[in-house]
Amino acid sequence: SEQQQGFFWGSKTAALHSTSVRDACAVLLRVAGRVSSRRCRATCSFLILGRPRPYARLSEPSTMSYETKDYPKRIGSQSPSVVKSFLSAATSYFEAVPPREATTPWQKIAYIIVANFLGAGVLSIPFAASQLGYLLYGIALILVYLASLLSGRAFAACYEAVPGARALSDVAKEAYGKRAETGTRVLVYVYMTLVLVILHLTCSISLERVAPGGCVVFYSIAVAAAMILVLQVRDMSEVGTMSIVGTITILGVVGIIVIALPVRGGTGGGENFFVPQAHTTLLLMAIAFMDIVFSFAGQIIYIELLSEMKQPKDFMKAMVSSNTVMFACYAVVGCLGYHYVGALKLKSGEPVTSGVASRGSPLDRILNALLFVHVIVAYLIEANVVARGFLLIAGKDAMTVSQATWTLTTGLLVGFAFLISNLVPFFSAVTAFASALCATLACWCVPCLCALKLERDFAVSLGCGEKTAMKILIPITIVVSLVGTAASVMEMINKLKQDSGTPFGCD
């Protein structure tokens, strides 16, 4: 009410002029007893300490012990009934929560990067090797890996120039203005929403292999329900802890593939094909290259991760280590998958896990169960970042909006992923389309353009070689994006004509 607000701000002024932290906090905590909103109680602590910490975590415990312990007594002397407790919990579900400090170490950031994209990326890599041959595949993999490292350096330079950025669009605004901010925001979140579609499709495929016999659409519904539940975790530090599980499970998947394929024996006929063979076309080669680009496109969330880091200067450690792990996995799995599974089976575009063991076998169930756990974690990370972005567009902070708002936002994202993944169920073609349409521009072109502009305006530390490489990468990125988008759209049209995938079909 106006009376409460007047009392609150009047007491705030008195507190700021008090002679000690103890006296000031005593005044403000009395205010919190009258103004019941949790936001006001958090603000009381923030006004004194100048940082977003709730009152129960104030420093100087020796001077604050009495106020902190006595505070619940002043809020309400009556014992809370079950009804009051329920109403309080229901009210807090719709209340904003206090802000917090970024505390994620670089090791967890590395786990997040690996967990976010190694799973979906590694699944289509053998298809790329089968279409390009070992030689072109190796060259393409090295070039994309180096481009990803350069892009990561550009992201780090951008955040160095704009340390308050929460997304790549904030960097674009600082570098090129409002229109650049809008364009970048659309580009980034269209791509990340398409990634959610790919992850949802992967989860459904792996779950169907774990428990075969049902309709894929029903598995897709189960994935959507599970994701809405796990997405209630929105603290990136907690997500980083869960990403450790995702990293372990995908490394387990890679390990099983690396061991199981040679043990199973036999070849798919690709062991001597160092160059593209008659079974491939220029269209499929373009799709294959875009699948390699997609496998490294996790850097699109780098600004969001940097904003959550305890020490952003350590970002390069996380970026280089995670990308190197992914490069090694892609090199091994791509070549082994091509050698033992073969180009004809991989040409269907299904994930390589579908060709490791026979459907319904114990090994097949274990492999896809590990894959399912990993992709669920990757889905959690990606949807978490996308939800933050859309809330940021709406002018809200994801860490302070009510739980109801967060649930609604994430629910809409999962619903969209469910719908599109069942309308266009083509794994390799969808990954190629996403990477060509948005990933190359958002991951390579935009950060390099922004880094070069901010380097001049803010004297960011970029070497001469780094600047030259970025200038070369920008036009190459544009050409790759145009060619890749056209190729992926043509491939999806061809698959629809061949009836290789029916929208909302059970096959």
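Analysis parameters
- Residues numbered from 1 in each chain as written.
- Predicted model: local features only at pLDDT ≥ 70, side-chain atom pairs only at ≥ 80, totals over all residues.
- Heavy atoms only, no water.
- Helix = DSSP H or I, 4+ residues; strand = E, 2+ residues; numbered from the N terminus.
- Buried < 20%, exposed > 50% of the residue type's maximum accessible area, 1.4 Å probe, protein only.
- Contact = heavy atoms within 4.5 Å.
- Core = buried A, V, L, I, M, F, W, Y, C linked by side-chain atoms within 4.5 Å.
- Phe/Tyr/Trp six-rings, centres within 6.5 Å; stacked < 30°, edge-to-face > 60°.
- Patch = residues over 30% accessible without salt bridge, like charges linked within 9 Å, V, L, I, M, F, W, Y side chains within 5 Å.
- Areas by Shrake-Rupley, 256 points an atom, 1.4 Å probe, with all protein chains shown as cover.
- Salt bridge = Lys/Arg side-chain N within 4 Å of Asp/Glu carboxyl O.
- Expected span 1.5 Å × (residues − 1).
- Arc of directions from axis to C-beta.
- Axes fitted to C-alpha atoms, helices over the stretch in contact; angles between N-to-C directions.
- Parallel < 35°, antiparallel > 145°, perpendicular 65-115°, else oblique.
- Left-handed = near helix turned anticlockwise from the far one by under 90°.
- Nonpolar A, V, L, I, M, F, W, Y, C, P; charged D, E, K, R; others polar.
- pLDDT = per-residue confidence, 0-100.
- Lys, Arg positive; Asp, Glu negative; His and termini not counted.

Participant: Could you clarify how one ought to interpret the overall build of the protein chain in this entry?
Facilitator: Of the regular secondary structure elements, the protein chain holds 19 helices and zero strands. Within the protein chain, the fraction of its 507 residues that count as buried is 53%. Considering only intrachain contacts with a sequence separation of at least 6, the fraction spanning at least 24 residues in the protein chain is 84%.

Participant: Could you clarify how one ought to interpret the nonpolar core in this entry?
Facilitator: Note on soluble globular proteins: their nonpolar side chains tend to be buried together. Formed by 144 residues in total, the largest nonpolar core has its most connected members in Y137, Y191, M192, I292, Y330 and Y379. Tallying contributions element by element places helix α7 (residues 125-161) first for this core, with 21 residues. Beyond its immediate sequence surroundings of up to four residues, Y137 is in contact with I125, A128, A129, L132, I292, Y330, A331, G334 and C335.

Participant: Explain the packing of aromatic side chains here, please?
Facilitator: Describing an aromatic ring pair means giving the distance of the ring centres and the angle of the ring planes. Inspection of the entire model under this criterion finds seven aromatic pairs. Here the aromatic rings of Y145 and F296 are separated by 6.3 Å at their centres, their planes lie at 55°, and the arrangement is tilted. One end of the pair, Y145, is in helix α7; the other, F296, is in the loop between α12 (282-295) and α13 (302-307), and 151 residues separate them in sequence. As far as burial versus exposure is concerned, Y145 and F296 are alike and both buried. Plain terms: the ring middles of F155 and Y302 are 5.4 Å apart, the flat faces sit at 80° to each other, and that makes the pair edge-to-face. Linking F155 in helix α7 with Y302 in helix α13, this pair joins segments that are 147 residues apart in sequence. Overall, F155 belongs to the buried group, its relative accessible area being 0%. Among the aromatic residues, those joined into a cluster by ring pairs are Y145, F296, F327 and Y330.

Participant: What's the story with the environment of I303 in this structure? I'm lost.
Facilitator: By the secondary structure assignment, I303 is in helix α13. Separated by 136 residues in sequence, I303 and A167 have C-alpha atoms that sit 5.2 Å apart. If we ignore the near neighbours within four places in the chain, the residues touching I303 are F155, Y159, A165, R166, A167, L168 and V171.

Participant: Where do I start with a nonpolar patch on the surface in this structure?
Facilitator: On the surface, a nonpolar cluster with roughly 550 Å² of combined accessible area is contributed by L135, L136, I139, L143, F274 and V275. With respect to the helices and strands, I139 occurs in helix α7. Exposure remark for I139: the relative accessible area of 41% places this residue in the partly exposed category.

Participant: Explanation requested: the side chain of D364 in the structure shown.
Facilitator: Relative to the helices and strands, D364 is located in helix α16 (residues 362-393). On the accessibility criterion, D364 (0% relative accessible area) is buried. Here D364 is in contact with R209, T353, A357, S358 and R359, once residues within four sequence places are set aside.

Participant: Honestly, the pattern of salt bridges in this entry has me stumped. Any pointers?
Facilitator: Where side chains of opposite charge bring their charged atoms close, a pairing between them can arise. For the structure on display, the rule yields ten salt bridges. A salt bridge links D314 to K313; its shortest N-O distance comes to 3.6 Å. Linked by salt bridges that have partners in common, K178, E181 and R185 make up one network.

Participant: I'm lost on helix α10 (residues 216-230) in this one. Help?
Facilitator: The periodicity of an α-helix, 3.6 residues per turn, causes residues three or four positions apart to be oriented the same way. Under the 1.5 Å per step criterion, the end-to-end length of α10 is 21 Å for 15 residues, consistent within 8% with the ideal 21 Å. Restricting attention to buried positions, one finds in α10 the residues V216, V217, Y219, S220, V223, A224 and M227. Buried residues along α10 cover an arc of 150° about the axis, so they all sit on one side. In α10, the exposed residues that point more than 90 degrees away from the buried face are F218 and L229. Of the surrounding secondary structure, the elements contacted by the buried residues of α10 are α9 (178-210), α16 and α17 (403-423).

Participant: I would appreciate a short explanation of the packing of α10 against α17 in the present structure.
Facilitator: Angle between the axes and distance between the axes are the two parameters that describe a pair of packed helices. Taken N-terminus to C-terminus, the directions of α10 and α17 make an angle of 165°; their axes are 10 Å apart at the nearest point. In terms of orientation, α10 and α17 fall into the roughly antiparallel class. Crossing hand, α10 versus α17: right-handed. Residues V217, S220, I221, A224, M227 and I228 of α10 pack against G411, V414, F418, S421 and N422 of α17. Of the residues assigned to the contact of α10 with α17, the class counts are seven nonpolar, four polar and no charged.

Participant: How do you make sense of the packing of helix α8 (residues 168-176) against α9 when you look at a structure like this?
Facilitator: Between α8 and α9, the shortest axis-to-axis distance is 7 Å and the interhelical angle comes to 155°. What the angle tells us is that α8 and α9 run roughly antiparallel. For the element pair α8 and α9, the recorded crossing hand is right-handed. Contacts between α8 and α9 involve L168, S169, D170, A172, K173 and Y176 from the former and K178, A180, E181, T184, R185 and V188 from the latter. Here the contact of α8 with α9 is composed, by residue class, of five nonpolar, two polar and five charged.

Participant: Where do I start with the confidence of the model for the protein chain in this structure?
Facilitator: In this model, the protein chain carries an average pLDDT of 76, and 75% of its residues clear a pLDDT of 70 or more. For the stretch residues 1-79, pLDDT sits under 50, and the model shows 75 contacts to residues farther than four places along the chain or on other chains.

Participant: Just to check I follow, could you spell out the side chain of E382 for this structure?
Facilitator: Here E382 is to be found in helix α16. R388 provides the closest opposite charge to the buried, unpaired E382, separated from it by 11 Å. Once you skip the residues sitting within four places of it in the chain, E382 turns out to touch N116, F117, M192, V195, L196, L199 and I301.

Participant: What's the story with the environment of A436 in this structure? I'm lost.
Facilitator: Assignment of secondary structure puts A436 in helix α18 (residues 427-458). In sequence terms A436 and F289 are 147 residues apart; their C-alpha atoms lie 9.7 Å from each other. Dropping the residues within four chain positions of it, A436 is found in contact with M290, S481, G484 and T485.

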